[in-house]
Amino acid sequence: MNMLSIINVIALLTPPQAAEYVAVVPVTIVVLVAVAFILIDMFHRQGTPRNYLAYFSVIGLTVAAGSSWYLWDSGLERAAFFGMLYFDQFSMFFSALVCIAAALAILCSPPVLQSNRMDRGEYYLLILLSVAGMIVMAAAADLLTLFIALELMSIPIYVVAGFLRKDIRGAEASMKYFILGSISAALMLYGIALIYGAAGTTNLEYIANNLAYLTGAEHGGYGLVMLGMILIMSGFIFKIAAVPFHTWAPDVYTGSPTPVVGFMAAGFKAITFAALLRVFLIAFPAELLRGGFFGLGWIDIAFFAAFASMVLGNLVAVVQDNVKRMLAYSSIAHAGYMLVGFVAANSHPDFFLHNDAILFYLVTYTFAVIGAFGVLAYFGRRGQAVETYEDLGNLGLKHPFMGLVMGICMLSAAGFPPTAGFLGKFYIFRSGVDVYAQTAETAMLVLVVVGVVTSVVGAYYYLKVLVYMFMKPAKREFVPLEHKGTRWAVAICAIMTMYIGILPATAIDISRDAVMDMRGASHSEVVQQVIEERQAERSEDEEY
Amino acid sequence: MAWVSTLISYWEPTLAHYLLLSAAVFSIGLIGVMVRRNALIVFMSIELMLNSVNLSFISFARYRFEMDGHVFAFFIMAVAAAEAAVALAIVIHVFRHKRGVNVDEMQELKY
């Protein structure tokens, strides 16, 4: 029995210790602030301005992000709370990232809500509860906690999507999101049930242990595992809005309140990738599950999703007229780029460390997309919100600060140096090329080439925003929502985008540390041994 | 009457029967979501999918003599209740705008 499983057995037998309660401080802070909002909101008279709640929640989220930063080096026990949650640097990384993303999105929100006469405390409350779900989901060590956290993250956002009650599009977005989101949750749940049936446990590490005994396609439980794995993968693909489960994204992004869309795009992608890496690296090592259906495994599903998302997202974004819809399709394309990193890093256990490219890309994407939606929210007065490209005409010259921020965010999303987006794409494609150079898998080269070509296509519609903002005449007069919070939020996004673009070392180190720390919790000896045997068999097969 | 007990033991349901039933109910729910036009019926079909998952959890748990699956089923029930609350609120919200809950008529957001 190796060290890891001894630690796990101890964690399973002992009741939660003080150190474990320290580890949940970030999520506790977020939940406490949310509960405080319920109480505070009761004592308000109708019509009292609630925008101070926004600053209150920003302070709470900043403290939560700071505490996860403080816990970064604390050397916690890995599996806490009876083996239900991992508190490693990986989960702390994502908890800090979503807290910052939510804080920036909330900072942009009050003027939009006030101008739509929906200045209610529930808005902040729901976003905070969603953040709590996200933090738990990044730490999930068991399919049970994973499912509960997924629902806690999604259900509040179904409500927030239709929060601007007078807007019929909000109602429609909320309905569509709810129906499709529930179906994907049900599919994922059915997958979890099948995995539970085949492996007899829902703990990620024990699943891997038990799968090591399912030797090949002749075993009875093998089909169950493959089907369950495909269903779980489809649930994840829905949440990151990759093809073929992407259709909800454009509708929901167009109908939802603008400030929260950036949070939806960045936060959901980040957390779902965290859970995706955890579940598929710890519970379903690629070597254990290959060979069922024509030798295909989950890496091939991810390959297909990456390829299709990059092509479809970029091509459909080109023909869009609405800027929010264009950003939605481009977020599908970004999901495709991140899946390229996922395929490259996990097609073979040796390239595990390339996963840091995904984490780094998520950081760059978060700031770019929240900045872009923050600028759109700044011009989001009720009845005269900026929606199409033509509405953007001349806004960049009239409001130079917002024009500058939008310029930086768009260049970063398109991947121009010296912004952060360039380095994000660079690391993703570099890991793909590296894998190709070492294994000579042409599939990897295909993905990278498609990625580069489609990001050239992407430059067209991102630059179109800037062309309209700076070079085209204004068709209509737009009065912005003068608000200091929005200006601060988008300024932070722009500064971080430039900072990471010019001095990326810190961000890269952090993402690498997070990925390295996650590896510590990976496989027991049995699993390791089986993986090595399978690899040896495969390399023998390839020699013949 | 020995043949009666023989027949009963022959028809005694096994794990596979429960799993087949669960898969059938899940498929009926999925088809219902795709085919039906009334939003309330669509939500009902989603509940059907969740409950069929419950059935397979319980049957796996009974098969293995474990409690994990039972616990999971309780969690699913709680989550399904929360989802139902949100679902009904959303239906009312849409009804106020449209005076109807036909999902075919939701065409504000397209392409």
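Right above here is the structure, for reference.
Every value quoted in this text rests on a predicted model; they were computed, and no experiment measured them. (Residues numbered from 1 in each chain as written. Chains lettered and ligands numbered in written order. Predicted model: local features only at pLDDT ≥ 70, side-chain atom pairs only at ≥ 80, totals over all residues. Heavy atoms only, no water.)

S.K.: Explain the overall build of chain A here, please?
M.R.: Each helix and strand in chain A was counted, giving 22 helices and two strands. Taking 2.2 N^0.38 as the reference for a compact globule, 544 residues should give roughly 24 Å; the C-alpha atoms of chain A span a radius of gyration of 23 Å, in line with that estimate. Here the C-alpha coordinates of chain A stretch approximately 70 × 55 × 40 Å along the principal axes. Residues classed as buried in chain A amount to 65% of the 544 residues present. Approximately 19,000 Å² of chain A is accessible, and the part contributed by carbon and sulfur atoms is 67%. Side chains of chain A carry 30 positive and 37 negative charges; the gap between the two charge centres is 18 Å. (Helix = DSSP H or I, 4+ residues; strand = E, 2+ residues; numbered from the N terminus. Rg over C-alpha atoms; globule rule 2.2 N^0.38 Å. Buried < 20%, exposed > 50% of the residue type's maximum accessible area, 1.4 Å probe, protein only. Areas by Shrake-Rupley, 256 points an atom, 1.4 Å probe, with all protein chains shown as cover. Lys, Arg positive; Asp, Glu negative; His and termini not counted. Charge placed at Lys NZ, Arg CZ, Asp CG, Glu CD.)

S.K.: Any chance you could explain a nonpolar patch on the surface here in plain terms?
M.R.: Taken together, the side chains of Val31(A), Val35(A), Leu39(A), Met42(A) and Phe43(A) define a hydrophobic patch exposed on the protein surface, amounting to about 520 Å² of accessible area. You can see Met42(A) is positioned in helix H3 (residues 25-42). (Patch = residues over 30% accessible without salt bridge, like charges linked within 9 Å, V, L, I, M, F, W, Y side chains within 5 Å. Salt bridge = Lys/Arg side-chain N within 4 Å of Asp/Glu carboxyl O.)

S.K.: Any chance you could explain the pattern of salt bridges here in plain terms?
M.R.: Once the charged atoms of two side chains with opposite charge are near each other, the side chains can pair. Tallied over the entire structure, the rule returns 13 salt bridges over all chains. Residues joined in a network through salt bridges with shared partners are Glu172(A), Lys176(A), Asp251(A) and Arg325(A).

S.K.: For this particular structure, what's the right way to read the interface of chain B and chain A?
M.R.: In many reports, interface size means the accessible area that the parts give up when they come together. At the junction of the two partners, chain B supplies 42 residues and chain A supplies 44 residues. Taking both sides of the interface into account, the surface hidden between chain B and chain A amounts to around 3,700 Å²; carbon and sulfur atoms contribute 77%. On inspection of chain B and its partner chain A, the count reaches zero salt bridges. Mapped by element, the contributors of at least two residues to the side of chain B that touches chain A are helix H2 (15-35), helix H3 (39-64) and helix H4 (68-98) of chain B. (Contact = heavy atoms within 4.5 Å. Buried area = accessible area lost by both parts, 1.4 Å probe.)

S.K.: Looking at this structure, I do not really get unusual backbone geometry. What am I missing?
M.R.: Comment: phi is negative for the bulk of residues other than glycine, and the bulk of peptide bonds are trans. In this chain, Val243(A) is followed by Pro244(A) through a cis amide linkage whose omega measures 10°. Secondary-structure assignment places Pro244(A) in the loop between helix H10 (220-239) and helix H11 (248-255). A cis amide bond links Pro417(A) to the next residue, Pro418(A), at an omega of 5°. Relative to the assigned elements, Pro418(A) resides in the loop between helix H17 (400-414) and helix H18 (420-439). With phi around 60°, Ala241(A) is a residue other than glycine that occupies positive phi space. Here Ala241(A) lies in the loop between H10 and H11. The phi torsion at Phe65(B) lies on the positive side, around 55°, for a residue other than glycine.

S.K.: What exactly am I supposed to notice about a negative patch on the surface here?
M.R.: Residue and element names in this part refer to chain A. Taken together, the side chains of Glu532, Glu533, Glu537 and Glu540 make up a negatively charged region of the molecular surface. Counting through the fold element by element, Glu533 comes out in helix H22 (residues 525-543). The class for Glu533 is partly exposed, based on a relative accessible area of 45%.

S.K.: Just to check I follow, could you spell out the nonpolar core for this structure?
M.R.: Proteins that are soluble and globular tend to have nonpolar side chains buried together. Residues and elements named next belong to chain A. Core analysis: the largest hydrophobic core is formed by 240 residues, its most contacted members being Phe94, Phe280, Phe284 and Phe342. In terms of residue count, the dominant contributor to this core is helix H12 (residues 258-283) (19 residues). Discounting residues that sit within four places of it in the chain, Phe94 has contacts with Ala138, Ala270, Ile271, Ala274, Leu359 and Leu362. (Core = buried A, V, L, I, M, F, W, Y, C linked by side-chain atoms within 4.5 Å.)

S.K.: Hey, could you run me through the state of the cysteines in this one?
M.R.: Note on terminology: disulfide describes a covalent bond linking the sulfur atoms of two cysteines. Going through the model one piece at a time under the given rule, you end up with zero disulfides over all chains. Sulfur of Cys108(A): no disulfide; nearest cysteine sulfur belongs to Cys493(A) and is 6.9 Å away. (Disulfide = S-S within 2.5 Å.)

S.K.: Whenever I open this one, the packing of aromatic side chains confuses me. Can you help?
M.R.: Residues and elements named next belong to chain A. Summed over the entire model, instances satisfying the criterion amount to 29 aromatic pairs over all chains. With a centroid separation of 5.3 Å and 90° between ring planes, the pair formed by Tyr123 and Tyr124 is classed as edge-to-face. Using a relative accessible area of 0% as the deciding quantity, one classes Tyr123 as buried. In this structure Tyr124 comes out as buried when scored by relative accessible area, which is 0%. Ring centres 5.6 Å apart and planes at 80° place the aromatic pair Phe360 and Tyr427 in the edge-to-face group. Of this pair, Phe360 sits in helix H15 (residues 356-378) while Tyr427 sits in helix H18; the two residues are 67 residues apart in sequence, bridging distant segments of the chain. Residue Phe360 is classed as buried on the basis of its relative accessible area of 2%. (Phe/Tyr/Trp six-rings, centres within 6.5 Å; stacked < 30°, edge-to-face > 60°.)

S.K.: Where do I start with a positive patch on the surface in this structure?
M.R.: A grouping of Arg117(A), Arg165(A), Lys166(A), Arg382(A), Arg96(B) and Arg99(B) is seen on the molecular surface, where their side chains present a positively charged patch. Among the secondary structure elements, Arg382(A) is positioned in the loop between H15 and helix H16 (395-398).

S.K.: So what exactly am I meant to see when it comes to helix H4 (residues 51-70) of chain A here?
M.R.: Since the α-helix packs 3.6 residues into each turn, any two residues three or four apart lie on the same face. When the terminal C-alpha atoms of H4(A) are compared, their 29 Å separation across 20 residues agrees well with the 28 Å that a helix rising 1.5 Å per residue should span. All of the buried residues in H4(A) are Leu53(A), Ala54(A), Ser57(A), Val58(A), Gly60(A), Leu61(A), Ala64(A), Ala65(A), Ser67(A) and Ser68(A). (Expected span 1.5 Å × (residues − 1).)

S.K.: I would appreciate a short explanation of the side chain of Gln89(A) in the present structure.
M.R.: Residue and element names in this part refer to chain A. Along the polypeptide, Gln89 turns up in helix H5 (residues 89-115). Here Gln89 falls in the buried class, since its relative accessible area comes to 15%. Not counting chain neighbours up to four residues away, the residues in contact with Gln89 comprise Trp72, Asp73, Asp513, Ala514 and Asp517.

S.K.: Would you take a moment to explain the packing of H12(A) against helix H14 (residues 323-346) of chain A for this structure?
M.R.: Residue and element names in this part refer to chain A. At their nearest, the axes of H12 and H14 sit 12 Å apart, and the two run at 20° to each other. Taken together, the axis directions place H12 and H14 in an arrangement best described as roughly parallel. Handedness of the crossing formed by H12 with H14: right-handed. Counting all contacts with H12, which are made through Thr258, Val261, Lys269, Phe273, Leu276, Leu277, Phe280 and Leu281, the residues of H14 involved are Lys324, Ser331, Ala335, Met338, Leu339, Phe342 and Asn346. (Axes fitted to C-alpha atoms, helices over the stretch in contact; angles between N-to-C directions. Parallel < 35°, antiparallel > 145°, perpendicular 65-115°, else oblique. Left-handed = near helix turned anticlockwise from the far one by under 90°.)

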